[in-house]
Amino acid sequence: MRHIISLLMENEAGALSRVAGLFSARGYNIESLTVAPTEDPTLSRMTIVTSGSDAVIEQINKQLNKLVDVAALIDLNDGEHLERELMLVKVSAHSGNREELKRISDIFHGHIIDVSKHTCTIELTNTCAMLDSFLEAIGRDLILETVRTGASGIGRGERILKL
Amino acid sequence: MELTGAEIVIRCLQEEQVEYLFGYPGGAVLFIYDALFQQDKVKHILVRHEQAAVHAADGYARSSDKVGVALVTSGPGLTNAVTGIATAYMDSIPMVIISGQVPTYAIGEDAFQEVDAVGITRPCVKHNFLVKDVKDIASTIKKAFYLAKSGRPGPVLVDIPKDVSNHKTTFEYPPSVTIRSYHPAGKGDSRQIRLAGQMLLEAKRPMIYAGGGVVLSGASAQLADLVRLLGFPCTNTLMGLGGFPASDKHFVGMLGMHGTYEANMAMQHCDVLLAVGARFDDRVIGNVEHFAEVPRKIIHIDIDPASIAKRVKVDVPIVGDVKLVLDELLDVLRGGSKTPAAAEVVAWWKQVDEWRAIGGGLRYKNSSEIIKPQFVIEKLHEITGGDAFITSDVGQHQMWTAQYYKFDKPRRWITSGGLGTMGFGLPAAMGVQMVNPGATVACVTGEGSIQMNIQELSTCKQFHLPIKIVSLNNGYLGMVRQWQEFFHGNRYSETYMNALPDFVRLAEAYGHVGMRIVNPADVEPALKEAFARKNDLVFMDFKTDPTENVFPMVPGGKGLSQIILAEEL
């Protein structure tokens, strides 16, 4: 099953490679990984999307927690949570399909952020699954380039990951 | 007053009461060696290869419960040390390794003797640091010692660029350290411990399985109390040997690939299993699916949560320091009015004894013609009164020593269990002898393993280390040969050791005493003579039976009850 693991770690050189190394050394799946500093510049927040059986997910959580640089960790799937991913898609555009592209983009709450003679770039923020649906709706033939950030996640309501 | 980074390193080691530093100099650590030269509190032991420095520090740590410390230079110094670091990591040994690095301004430029030390060691250390500012040296070394020793112990690397070791700052050693992202476990959860106590008292076919965690935690006395209080059978892993006395009537021998029949059968068929500081690894329980075929309740005590439920499902996990958890469990059991299910446990012991009879105990067919390796170990046990520190290398001799040298005390059996590092035994013995001067230290090895770090005979000469080397020379890489015999149609691919040196003359060339023993009748007199030479290193080259195999054996990938006994082949 797909899990979103969120963690706070020391914002130090090499911290990211400790996490990445752990996943490759132990053969865990990694669907996406995003990392950036938080409001406290000494801490980075990382979101890892992974998948595996319950036993594997339990091990991943424990192994991550065992890293000395990891200060706090939650498996967002243990409770209610929100997930968002940013995507930029460049599609092939011409006078015949611009209207249609605009319509599909609006349905998915996207924004057209760049237009050229033969292209159109759309920005979308949504769940990973919705971004997948958008790509399907546009159709593979039109897509020139896709850039996705990987999911960021946060707990709902009072569920807070903080030191 | 301001000190250089190098001087600070040495002052930190003094503050940590480090007696011996095992190392090898080089360009990137010149300032540190210069600082070392100008003091006499920390004694440096010059090895002949960096791998040996780390193994020696490891043997020092394993036999003493102190942190072992090694110092190596950048590049090849560090890469040579990696095998030693990985060895310590796999067996959770507390160590601090200080490595030199090229100057900060040269990092990343492929400088002479540059290697990404932090990157290369990342998967085999508990944690590592690159110190980029002289102001951080003292606090980093403080953290390194704290991390190495606390929680589940392990090696910690501190990489110090050459220029940082020459910069100056004021020295202040922090009296304590906290790391906000690191909280090692202490006491276990009391509710879980009560639950475990209740489960043990209700057990009909109980089994206690104890590993290296008991030794590391210093919980041997608690374990012995618990086993005797409950009257249950107890087995040790390879790493746990000595954690429970082998001479105790509750001991059913080592379990696992070369464990006793009764230990493996009891492990497989018990209904309540108490695992203490052990991790159910592949060499211990064999095939996981086969192990899971028999339903049993498992209570698992370990300081590392990641070790629990890693390979087997656990019913009562208890995260905590083994010693503290066992103390509390003993209180629970002593405080209650219930006692173990007497009739059932008696019947269970009867079953265990039946298995013991079927297995026939550890046995081999002795010979008056050719030396049997097991016979040498039995005599070694006898002549040293079972009280020596024994290091080993890896292979058949290691298993025979584990089986036939009946360890009664913890920290006497020094072996590379997890990584299985050939070449460990001799340098480890140096560290053991350093921290236990006057004690009897023997290194059981083979003609294959000993050659992997034989250059350390020179270090032993320089520092007057009277180690007794018991080499079981069968002319083969015996354990590999055994697998080739069993599973590869007797095709002994590259396992015959041709062109062996004359070990007697080799030992003599290094300034030691060499003995060659060929006849079984000479085994005992030779051992007696060697151990009587209190001040000499004696290299005993025993010519042993090349066809001898280690039994019993659970073949790789098989289940515990699919064990092969000696007479089946």
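Residues numbered from 1 in each chain as written. Chains lettered and ligands numbered in written order. Predicted model: local features only at pLDDT ≥ 70, side-chain atom pairs only at ≥ 80, totals over all residues.

1. Topic: the interface of chain A and chain B
- Facing 17 residues of chain A, the contacting portion of chain B comprises 14 residues.
- For the side of chain A that touches chain B, the elements supplying multiple residues, two or more each, are α1 (15-25), α2 (54-66) and β4 (70-75) of chain A.
- When residues of the side of chain A that touches chain B are assigned to their parent elements, the largest contribution, six residues, is made by α2(A).
- Partitioned by chemical class, the residues of the side of chain A that touches chain B number six nonpolar, five polar and six charged. (Contact = placed C-beta atoms within 7 Å. Helix = DSSP H or I, 4+ residues; strand = E, 2+ residues; numbered from the N terminus. Nonpolar A, V, L, I, M, F, W, Y, C, P; charged D, E, K, R; others polar.)

2. A few points about helix α21 (residues 523-532) of chain B
Residues and elements named next belong to chain B.
- Of the positions making up α21, those classed as buried are V523, A526, L527 and A530. An end-on view of α21 places all buried positions within 95° of arc, on one side of the element. Away from the buried face of α21 by more than 90 degrees, exposed residues P525, K528 and A532 are located.
- Looking at the buried positions of α21, the neighbouring elements they touch are α15 (373-383), β18 (468-473), β19 (513-517) and β20 (538-543). (Buried ≥ 20, exposed ≤ 12 C-beta atoms within 10 Å, placed from the backbone. Arc of directions from axis to C-beta.)

3. So, the sheet that holds β18(B)
All names here are of chain B.
- With parallel pairing, six strands are arranged side by side in an open sheet as β16-β15-β17-β18-β20-β19. Sheet topology places β16 (413-414) and β19 at the edges, where each strand pairs with a single neighbour.
- The pairing of strand β15 (residues 389-392) with β16 spans two bridges and is classified as parallel. If you follow T391 over to β16, its bridge partner there is I414.
- Along the sheet, α21 contacts β18, β19 and β20; its crossing angle with β19, the most-contacted strand, is approximately 170°. (Pairing = 2+ DSSP bridges. Axes fitted to C-alpha atoms, helices over the stretch in contact; angles between N-to-C directions.)

4. Details of the pairing of β15(B)
Residue and element names in this part refer to chain B.
- Residues F389 and T391 of β15 are buried on one face, and the alternating residues I390 and S392, pointing to the opposite face, are buried as well.
- Summarising the sheet, β15 and strand β17 (residues 441-446) pair through four bridges and their orientation is parallel. When the bridges of β17 are listed, I390 appears paired with A442.
- Taken together, β15, helix α16 (residues 396-404) and β16 form a β-α-β motif whose crossover is right-handed. (Right-handed = clockwise from strand over helix to strand, strands pointing away.)

5. Looking at unusual backbone geometry
All names here are of chain B.
- The omega torsion of the bond from F551 to P552 falls at -5°, within 30 degrees of zero and hence cis.
- With respect to the helices and strands, the residue P552 is situated in the segment after β20.
- Its identity is not glycine, yet N490 carries a phi of approximately 60°, on the positive side.
- Within the secondary structure, N490 is located in the loop between α19 (478-487) and α20 (503-509).
- Backbone geometry places A499, a non-glycine residue, at a positive phi of 55°.
- Summarising the element assignment, A499 is placed in the loop between α19 and α20.
- The exposure class assigned to A499 is exposed, which follows from the 4 C-beta atoms found within 10 Å.

6. Observations regarding the sheet that holds strand β3 (residues 43-46) of chain B
Residue and element names in this part refer to chain B.
- The six strands lie next to each other as β3-β2-β4-β5-β7-β6, forming an open sheet whose pairing is parallel. The open sheet is flanked by β3 and β6 (127-130), the only strands paired with a single partner. Ignoring which end each strand starts from, the neighbouring axes of this sheet average 20° apart.
- Strand direction decides the pairing type here: β6 and strand β7 (residues 155-161), joined by four bridges, are parallel.

7. A short note on the packing of helix α10 (residues 261-269) of chain B against helix α14 (residues 342-359) of chain B
Residues and elements named next belong to chain B.
- At a minimum axis separation of 8 Å, α10 and α14 run at an interaxial angle of 140°. Judged by the inter-axis angle, α10 sits oblique to α14. Between α10 and α14 lies a crossing whose hand is right-handed. Taken together, the residues of α14 that come into contact with α10 (itself represented by Y261, E262, M265 and A266) are V352, W355, R356, I358 and G359.
- Class assignment for the residues of the contact of α10 with α14 results in six nonpolar, one polar and two charged. (Parallel < 35°, antiparallel > 145°, perpendicular 65-115°, else oblique. Left-handed = near helix turned anticlockwise from the far one by under 90°.)

8. Details of the environment of B:V252
Residues and elements named next belong to chain B.
- Tracing the chain through its elements places V252 in strand β11 (residues 251-254).
- Spatially, the C-alpha atoms of V252 and I390 are 21 Å apart, while their sequence positions differ by 138 residues.
- Not counting residues within four places of it along the chain, the set of residues in contact with V252 comprises P233, C234, T235, T260, E262, A263, A266 and V352.

9. Concerning the packing of helix α3 (residues 50-64) of chain B against helix α4 (residues 76-90) of chain B
Residue and element names in this part refer to chain B.
- Their axes nearest at 7 Å, the elements α3 and α4 cross at an angle of 30°. As far as their axial angle goes, α4 and α3 are roughly parallel. Note that α3 runs across α4; the crossing there is right-handed. Of the residues in α4, those in contact with E50, Q51, A53, V54, H55 and D58 of α3 are G77, N80, A81, T83, G84, I85, T87 and A88.
- Broken down by class, the residue content of the contact of α3 with α4 amounts to five nonpolar, seven polar and two charged.

10. Side note on the confidence of the model for chain B
- Of all residues in chain B, 100% have pLDDT values of 70 or greater, and the mean over the chain is 97.
- Here the prediction assigns the complex a pTM of 0.96, and the interface score ipTM is 0.93. (pLDDT = per-residue confidence, 0-100.)

11. Brief notes about the nonpolar core
- By size, the foremost hydrophobic cluster in this structure holds 201 residues, and its most contacted members are B:V9, B:A53, B:A70, B:I85 and B:V96.
- When residues of this core are assigned to their parent elements, the largest contribution, eight residues, is made by helix α6 (residues 137-149) of chain B.
- Apart from residues lying up to four places away in sequence, B:I85 is in contact with B:V54, B:I97, B:T121, B:C124, B:V125, B:P155 and B:L157.
- Core analysis: the second largest hydrophobic core is formed by ten residues, A:L101, A:I122, A:L131 and A:I138 among them. (Core = buried A, V, L, I, M, F, W, Y, C linked by C-beta atoms within 7 Å.)

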